[in-house]
Amino acid sequence: MATERTFSIIKPDATRRNLTGRVNAMIEAAGLRIVAQKRLHMTRAMAEEFYGVHRERGFFSDLVTFMISGPVVVQVLQGEGAVLKHRDIMGATDPKKAAAGTIRAELAESIEANSVHGSDSAENAATEIAFFFAGIELVG
């Protein structure tokens, strides 16, 4: 597998509970490096643009409201097969269906407040990374 980059968000439910360090420890234990990171509070406009692909879906408004409810940590992860490796360590979207030891199984509150977001493909990772980071901010 090739070294690649993926995008990660530690969501408001996790930052509210001071779980940033625990989430990142799990990510790093899975063999991924954090090569860029920042904490920010998304505006409604940012969240609507970032999640625009879901605009026509019933959960869009609730998703946007949740994502602006508190600070998030956006980050770029790098490693062998980073996209798949990060998706594996996140676990299923529904924490009740997530494998033991995954971030969502261990830390998520619900299917909506599931602690983390991760890119689903290398192409989407590139788009999501560019949304939040300038190339000069990637240090790995």
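My aim in this report is to walk through the structure given alongside it, one point at a time. Here the structure is a predicted model, which is why all the values come from computation and not from measurement. (Residues numbered from 1 in each chain as written. Predicted model: local features only at pLDDT ≥ 70, side-chain atom pairs only at ≥ 80, totals over all residues. Heavy atoms only, no water.)

Things to note about the overall build of the protein
- Tallying secondary structure elements over the protein gives seven helices and four strands in all.
- When its helices and strands are written in sequence order, the protein yields β-α-α-β-α-α-β-α-α-β-α.
- A globule of 140 residues ought to have a C-alpha radius of gyration of about 14 Å, and the protein, at 14 Å, matches this closely.
- Its C-alpha atoms give the protein principal-axis dimensions of about 35 × 35 × 25 Å.
- Buried residues in the protein amount to 48% of all 140 residues.
- For the protein, the proportion of contacts with a sequence separation of at least 24, taken over those separated by at least 6, is 77%. (Helix = DSSP H or I, 4+ residues; strand = E, 2+ residues; numbered from the N terminus. Rg over C-alpha atoms; globule rule 2.2 N^0.38 Å. Buried < 20%, exposed > 50% of the residue type's maximum accessible area, 1.4 Å probe, protein only. Contact = heavy atoms within 4.5 Å.)

Focus on the side chain of T6
- Within the secondary structure layout, T6 lies in strand β1 (residues 3-10).
- Exposure remark for T6: the relative accessible area of 0% places this residue in the buried category.
- Excluding anything up to four places from it in sequence, T6 contacts Q75, V76, L77, A82, V83, H86, S119, A125 and I129.

Quick look at the nonpolar core
- Within the largest apolar cluster, 22 residues are counted, with the highest numbers of intra-cluster contacts made by F7, I9, M42, M67, V74, F132 and F133.
- Secondary structure elements with two or more residues in this core: β1, β2 (33-40), α3 (44-50), α4 (60-67), β3 (72-80) and α7 (122-132).
- Considering every element that reaches this core, the biggest residue donor is α4, with five residues.
- Non-local contacts of M67, meaning those with residues more than four positions away in its chain, are made with I9, K11, P12, M42, Y51 and V72. (Core = buried A, V, L, I, M, F, W, Y, C linked by side-chain atoms within 4.5 Å.)

Digging into the pattern of salt bridges
- All told, the structure shown has four salt bridges when counted by the stated rule.
- One salt bridge connects R17 with D13, and the closest N-O pair in it is separated by 3.2 Å.
- Between E109 and R17 there is a salt bridge, with the nearest N and O atoms lying 3.5 Å from each other. Of this pair, E109 sits in the loop between α6 (103-107) and β4 (116-118) while R17 sits in the loop between α1 (12-16) and α2 (20-29), and the two are 92 residues apart along the sequence.
- When its relative accessible area of 42% is taken as the criterion, E109 is described as partly exposed. (Salt bridge = Lys/Arg side-chain N within 4 Å of Asp/Glu carboxyl O.)

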